Amino acid sequence: MCKRYLLLLTLLFTIPAYAQKKVDNQTGFWAGYINQTRITDKWGIWLDIHGRRTDFMDRWATQIIRPGITYFASDQLRFTAGYAFTRTYPAPGLSTVRPENRLWQQVFYTTRHKRLSTSQWIRIEERFNRKIENDQLQPGHNFNFRFRYFLNLMVPLNTDYLEPRSVFFVFNDEIHINAGKEITYNVFDQNRLFLGLGYQFTKSFNLQAGYMNQFQQLPSGIRFNNNHVFRVFAFHNLDLRAGKR
């Protein structure tokens, strides 16, 4: 029995030595526009557009355009399905931009209380990443699923509810989980933690800015990116129904 415990302790202390994780710290800048437009009592559209730079503003990292169609089960609960096109830029010294096509589905839920507004979603993505070899695009795609859970809290600082001229505190966190036969070492994909301030310009438009930490596990399983990001997002929620404009 004693020998078994010694063997277990040896494994616990030697395995990490061979699999030491390596964390690269980076800086970035993310800008985004997120639009939700309600057209009828039951139907609406979704569109978000993103530009991301790495080494703060030095070079492109990612560009995304993501439209969708939304079904409103109620004022608080909605379902969206859509398509996204993404361009991921290579590391320094490489030149090939990787295109990615995604299908996505989402359940989105909001609540509003005095001094607190919340939103959360569960999103599923089917990702088709173009294959790259020797810095050249190749025929075919790598495929995987990704599951995302997002929680957002907004606390008005100078009013009881979010309304025009409200200044508010923002906290959100989103975790990404990979799945699929091509995922071996990075089932955990990343976590995005954001803290910032927002300003409600009108009933339908606000701007949010602040710090985001993106901690991402790479496919090797032992390499991680720890990104320190300055993020600026504009949110535009339109209601085109008669009497709601």
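For every chain, the first residue of the written sequence is number 1, and numbering continues from 1 along that sequence. With pLDDT at 70 or above as the cut-off, local features in this predicted model cover only qualifying residues; side-chain atom pairs require 80 or more to be listed or tallied, and sums for whole chains, interfaces and linings still use all residues. Just so you know, side-chain values use all the structure's heavy atoms and leave hydrogens and water out.

Caption draft 1: Structural context of the nonpolar core. Here, nonpolar core means buried Ala, Val, Leu, Ile, Met, Phe, Trp, Tyr and Cys residues that are tied together by side-chain atoms lying within 4.5 Å of each other. Relative accessibility under 20% of the residue-type maximum defines a buried residue, over 50% an exposed one, and the middle range a partly exposed one, all with a 1.4 Å probe and only protein chains included. W30, W46, W121, M154, F168, V170 and M212 are the most contacted members of the largest nonpolar core, which totals 16 residues. Under the scheme used here, helices are H or I runs from DSSP no shorter than 4 residues and strands are E runs no shorter than 2 residues, and both carry numbers assigned from the N terminus. At the level of elements, β1 (22–38), β5 (98–113), β7 (136–156), β8 (167–179) and β11 (223–239) are the ones that each hand at least two residues to this core. Here M154 is in contact with R115, L116, S117, L162, F168, F169, V170 and Q208, once residues within four sequence places are set aside. Residue contacts are counted whenever heavy atoms from the two residues lie within 4.5 Å of one another.

Caption draft 2: Summary view of the sheet that holds β8. With respect to topology, 11 strands assemble into a closed barrel ordered β1-β2-β3-β4-β5-β6-β7-β8-β9-β10-β11, the strand pairing being mixed. This sheet shows a mean twist of 20° between the axes of neighbouring strands, independent of strand direction. The sheet contact formed by strand β3 (residues 59–72) and strand β4 (residues 77–88) spans nine bridges and is antiparallel. Note on β4: the bridge partner recorded for Q63 is R87. When DSSP locates at least two bridges between a pair of strands, those strands are taken to pair. Axes here mean lines fitted to C-alpha atoms, for a helix over just the part in contact, with angles spanning 0 to 180 degrees between N-to-C directions.

Caption draft 3: Broad picture of the side chain of N225. Structurally, N225 can be placed in strand β11. When its relative accessible area of 12% is taken as the criterion, N225 is described as buried. Dropping the residues within four chain positions of it, N225 is found in contact with D24, Q26, Q214, F215, Q216 and L218.

Caption draft 4: View of unusual backbone geometry. Even without glycine at this site, D55 takes up a positive phi of about 50°. By relative accessible area, D55 is classed as partly exposed at 37%. Phi is positive for R115, close to 70°, though the residue is something other than glycine. Mapped onto the elements, R115 comes out in the loop between β5 and β6 (116–133).

Caption draft 5: Summary view of the packing of aromatic side chains. To pair, rings of Phe, Tyr and Trp, with the six-membered ring standing in for Trp, must have centres within 6.5 Å; the planes then decide the type, stacked if under 30 degrees apart, edge-to-face if over 60, and tilted in the middle. Within this structure, the stated rule accounts for 15 aromatic pairs. Judged by centre distance (6.3 Å) and plane angle (70°), the ring pair of W46 and F108 falls under edge-to-face. Of the two residues, W46 sits in strand β2 (residues 43–54) while F108 sits in strand β5, which places them 62 residues apart along the sequence. Look at F128 and F143: their rings are 4.9 Å apart centre to centre, the planes differ by 50°, and that puts the pair in the tilted class. Taken together, the residues span a long stretch of sequence, with F128 in strand β6 and F143 in strand β7 at a distance of 15 residues. Judged by its relative accessible area of 32%, F128 is partly exposed. Residue F143 is classed as partly exposed on the basis of its relative accessible area, which comes to 26%. One aromatic cluster is present, formed by W46, W104, F108, W121 and F150 through successive ring pairs. Note on criteria: charge over ring means Lys NZ or Arg CZ within 6 Å of the ring centre, with the direction from the centre no more than 35 degrees off the ring normal. We note R123 situated over the ring of W121; from NZ or CZ to the ring centre the distance is 4.5 Å. Of note, R231 hangs over the ring of F233, and the distance from its end group to the ring centre comes to 4.3 Å.

Caption draft 6: Broad picture of the environment of F171. With respect to the helices and strands, F171 occurs in strand β8. The class for F171 is partly exposed, based on a relative accessible area of 24%. Here the alpha-carbon distance between F171 and L153, two residues 18 residues apart in the chain, equals 5.2 Å. Setting aside residues no more than four positions away along its own chain, F171 makes contact with L151, N152, L153, L193, F194 and L195.

Caption draft 7: The pattern of salt bridges, seen in detail. The salt bridge definition used is simple: a Lys or Arg side-chain nitrogen within 4 Å of an Asp or Glu carboxyl oxygen. In this structure the tally under the stated criterion is 15 salt bridges. Two residues, D75 and R38, come together in a salt bridge whose shortest N-O distance is 2.8 Å. Highlighted residues: D75 in the loop between β3 and β4 and R38 in strand β1, separated in sequence by 37 residues. With relative accessibility at 47%, the residue D75 sits in the partly exposed group. Where R102 meets E100, a salt bridge forms, and the shortest distance between an N and an O atom there is 2.6 Å. A residue is classified by how much of its surface remains accessible, and R102, at 6% relative accessible area, is buried. Three or more residues joined by partner-sharing salt bridges are found here, namely D48, R66, E100, R102, E125, R127, R146, R148, E174 and D189.

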